[in-house]
Amino acid sequence: MSGKSKPLSSCSCPELAAGQRVGAGAGGRGAAARLPQEESEAQGRGRRANPSLGDPAIVKSPSDPKYLTLQNGLCALLISDANNMDSVPSEDSSEWEDNDETEIETDEDDDSGAEMDEDKENYEDDDNDGDDEEDPNNSDDMEMEELTEKEEAKKRSGTEKLSAAALCVAVGSFCDPEDLPGLAHFLEHMVFMGSLKYPDENGFDAFLKKHGGSDNASTDCERTVFHFDIQQKYFKEALDRWAQFFIHPLMIRDAIDREVEAVDSEYQLARPSDANRRELLLGSLARPGHPMKKFFWGNAETLKHEPKKSNTDIYTRLRDFWQHYYSAHYMNVVVQSKETLDTLEKWVKEIFSQIPNNGLPKPNFGHLTQPFDTPEFYKLYRVVPIRNVHSLSIAWGLPPQERHYRVKPLHYISWLVGHEGKGSVLSFLRKKYLETNSVILFKTLLNTRNSTTKESPEIWEEIQKIEANEFYFQDQADPIDYVESLCENIHIFCKEDFLTGDQLLLEYKPEIIADVLNQLCPLRANLVLLSAASERKCHLKERWFGTQYSVEDIDKYWSDLWASDFQLNQDLHLPEENKYIATDFALKASDWPDTEHPVKILSTHHGCVWYKKDNKFKIPKAYIRFHLISPLIQQSAKSVVLFETFVNILSHNLAEPAYEADVAQLEYKLVSGEHGLVIRVKGFNHKLPLLFQLIIDQLSDFSFTPAVFEMITEQLKKTYFNILIKPEILAKDVRSLILEHGKWSMIDRYRRLMKGLYTESLSSFVKGFKSHLYVEGLVQGNFTSRESKDFLNYVVLNLQFLPLLHPCPVQFRVVDLPNTHLLCKVKTLNRGDANSEVTVYYQVSALIHIKECEDSYLGEEVDRNWNEIMTQQYLFDRLAHEVEALRSLTKSDLVDWFQAHRGKERKALSIHVVGFGKQEGDSDVQQSLLGEIYQLTFLPPSSYMKNTSYIRDIRNFTLMLNLLPYHKILK
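A quick note: this is a predicted structure, and the numbers were derived from the prediction, not measured.

## Quick notes on the packing of helix H20 (residues 706-724) against helix H22 (residues 746-755)
- Put simply, H20 and H22 touch, their axes get as near as 10 Å, and they point 145 degrees apart. Here the hand of the crossing between H20 and H22 comes out left-handed. The residues of H22 that touch H20, namely those facing Thr713, Leu716, Lys717, Tyr720, Phe721, Ile723 and Leu724, are Met746, Ile747, Arg749, Tyr750, Leu753 and Met754.
- Partitioning the contact of H20 with H22 into residue classes produces ten nonpolar, one polar and two charged.

## As for the sheet that holds strand E26 (residues 949-950)
- Taken in spatial order, the four strands make up an open sheet running E24-E25-E23-E26, and their pairing is mixed. What marks the edges here is a single partner per strand, and that holds for strand E24 (837-842) and E26.
- Bridge count for E24 against strand E25 (residues 908-914) is six bridges, and the pairing is antiparallel. Each bridged residue has a counterpart across the sheet, and for Val840 the counterpart in E25 is Ser910.
- Along the sheet, helix H21 (residues 727-739) contacts strand E23 (821-827), E24 and E25; its crossing angle with E25, the most-contacted strand, is approximately 145 degrees.

## As for the nonpolar core
- Grouped together as the largest cluster of nonpolar side chains are 88 residues, with contacts concentrated most on Leu628, Leu677 and Leu691.
- Broken down by element, the residue count for this core peaks at nine residues, all from H20.
- Two domains each donate at least three residues to this core, and these are domain 2 (599-803) and domain 3 (821-856 + 876-959).
- Those residues in contact with Leu677 that lie beyond four places of it in its chain are Phe626, His627, Leu628, Phe643, Val647, Leu650, Leu670, Val671, Leu699 and Phe769.
- Met190, Ala217, Val263 and Ile314 belong to the second-largest nonpolar core, a separate cluster that totals 78 residues.

## Points about the pattern of salt bridges
- All told, the structure shown has 30 salt bridges when counted by the stated rule.
- Between Lys588 and Glu787 there is a salt bridge, and its shortest N-O distance comes to 3.3 Å. Placement of Lys588 in the loop between helix H16 (556-563) and strand E14 (599-603) and of Glu787 in helix H24 (residues 785-799) is noted, with a sequence separation of 199 residues between them.
- In this structure Lys588 comes out as partly exposed when scored by relative accessible area, which is 27%.

## Overview of the environment of Leu282
- Mapped onto the elements, Leu282 comes out in helix H7 (residues 274-283).
- Considered as a pair, Leu282 and Lys293 are eleven residues apart in the sequence and their alpha carbons are 8.6 Å apart.

## Let's talk about the confidence of the model for the chain
- Here the chain averages 80 in pLDDT, while 78% of its residues score no lower than 70.
- With pLDDT under 50 throughout, residues 1-52 is counted as low confidence; its partners more than four residues away or in other chains account for 214 contacts.
- Taken together, the stretch residues 85-111 has pLDDT below 50 and engages in 116 contacts with residues farther than four places along the chain or on a different chain.

Quick notes on the rules
- Residues numbered from 1 in each chain as written.
- Predicted model: local features only at pLDDT ≥ 70, side-chain atom pairs only at ≥ 80, totals over all residues.
- Heavy atoms only, no water.
- Axes fitted to C-alpha atoms, helices over the stretch in contact; angles between N-to-C directions.
- Helix = DSSP H or I, 4+ residues; strand = E, 2+ residues; numbered from the N terminus.
- Left-handed = near helix turned anticlockwise from the far one by under 90°.
- Contact = heavy atoms within 4.5 Å.
- Nonpolar A, V, L, I, M, F, W, Y, C, P; charged D, E, K, R; others polar.
- Pairing = 2+ DSSP bridges.
- Core = buried A, V, L, I, M, F, W, Y, C linked by side-chain atoms within 4.5 Å.
- Buried < 20%, exposed > 50% of the residue type's maximum accessible area, 1.4 Å probe, protein only.
- Domains from an automatic or database assignment.
- Salt bridge = Lys/Arg side-chain N within 4 Å of Asp/Glu carboxyl O.
- pLDDT = per-residue confidence, 0-100.

Put into structure tokens, the structure is as follows:
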């Protein structure tokens, strides 16, 4: 739950008031699906407006866009960075993507909370939130999509600001033929399989990869979006190659079966997601004949096997679908690059005017207004989840809210109901020690209804301040995300609001807010209860994802209570004034000589602080990072679990007092690192010290109750379990267990936690942890050196710890693998998952891999510097040295190096995690339950790898190996 989260824009079918995406289209090529949206008459007029230089009608951020309509009807929005060369992506685009720490994401990317450091491995999960939040229905639950997006974000980081483009076709899965579910998604894949001008099937992807770019696409209910980014000097050629997919795609018959398999693979990866399962289940509750009832993903059954049985020519139907729906007047394109607007306009006209226009009317589903006004919707659905969660989700079907986008009534409701500070639902639940999001109180909405219209002007002003600050920096967002967002905005908002329509609260109309609130009647809600405890009651099965569920009427006691005029809870009230909202955005004068890299400005036996004033990006923001190092953490698996329990309770204690800071765009992360507690704070510098001091005060006065201890340890069990049932994560854990000496694996920690912990053990551990520490910090951004020293002094003064007696290493030693190809093959720990994972690791001498480029935003520079501090190497000019080393390499050097490590003397380790299924000889395939995971099941190698040496016992194998020295590059 997050009060600052923005509700989705409204759509042709009713909005879900809880912000959930029902029946969302297939996430093609790894992208997320969104709710459909209709185009109003006013917005249509906006899109057909005459182009004008600079477009004074459009409310702008620092970049000056231009909007035009080509002769073929395609609309284009052009954004030039030519006069904004210092504009850089927002730090939000990379949030906490450090190289030194990998975390379990537990909330929206920009929310605060607790995380676990897994030493450069992406352990992604939703459960380990410091607030104990657990929403299995939000986008964070789509694990594979999340992992893909993380990897793409990391690939984009560390490069120059790329040029980007996005194209949106106002057609999606609602247009799927009844006999070919998933055809729109399939077409999204097929148009990328070469074009008449560039026939190479994989040519575009290869071109992008060669020049530092990436691309993706998604198919939604009423839109399909394509986007890419690339280095600026290759942008025009990339535009031409990309546009050919919409001008004359080949879509050759021979590629159909291969790409059906790709669609089916996405479907198989999507099946273990509780969010996807809930969406499809709710979609099935729509009225008969409504397109929301369709199966949008598509798979081998719908696109291959069934068409063959009915003698349907899928190739002909695919081409007919493209000719009918991929028309220029259904499309708009957004381009952003450092060329001038005149140059971009010339390119766009030259390239995109070739897209054909068939003159057919655009599909419209605006007349289908109430798909969920059915008896089936207003019931309680018990669902057996994949992950170990217990969650009650409540949703209402609302009429389309698109016409109210300037007011955003759902934004107010999400702000108030999603508030997490004093007087909030979440605060009430915490006091009752209930699991976060496990219960939603209907009376909260009723309470809000009675007070919102009277007091909302103040709330509106507060929200406006925050949204305005956010919009100020929106122009600096990651280009590929920015153009994709704008591309969809053109289909939704009036022309003047293309840039601001999804960002700002433009009008305040309490009667519209009240009207929506009046529709949130408890008796018209849909309830979905996810719980493994319901398995014996769930005898129904959803067709496509196989979701087990049951359906029943709402209990009469509850329906009668909700219908009555019951007493409101006095503990629930509107948010108080927010003291963390920044008002001073002045850039501070330097009190220290300008330096290219961080310098150590204070060093004592207790710790040190590094400092660098930001004189490059010149924004009123700052980053504060501190590492509280302790040798206690890695002493045993029990110590690691106690430490992670401690960090989660600390974050739980912080959740309510720090929530206002989070709302005010100040963000914090508490990371249970492998060698210490990492505190990371960032945001507008004006009120940032208040948040940092709050965290240290909570750490100093740390306390907990037995009830909170029990709640957090139960959550941690679920966290470990939900991590281990993912094959890609299990593969990383097994690899780490083999390679890193002295590191306690996730399986070790899970086993220890399941044995039980005691409150006395935690109290003793925390006391020992806080008694002896070494603290190392970095302050970078809009702070003076004096202010930066104060942060370290505040830590030392308030925690009152003694210095460490001996230095604590912050790295693990790695085993020296034998010169052979090793195999470790294990069974996945989730008996309900058919997906397998293969990882091949080569142990080599150091190879420098870096691109010669400047940091593109402050957060990237901070990440790089913090990595040097976290590893205690302090080689802040590492990039320059690595670039120099790269320049000395020749092609033959690289070839010789590669051959040497691929030859007979290679050190290779293959990790295979094998899924469950009939093809693997598994007869009894069922879901794994919490507490069942205690040990790995080792498998023999297949006939294809019979000559490899395979590992049957990891501990005994590693005992025979030597250890490599600590790896540090200091010069």
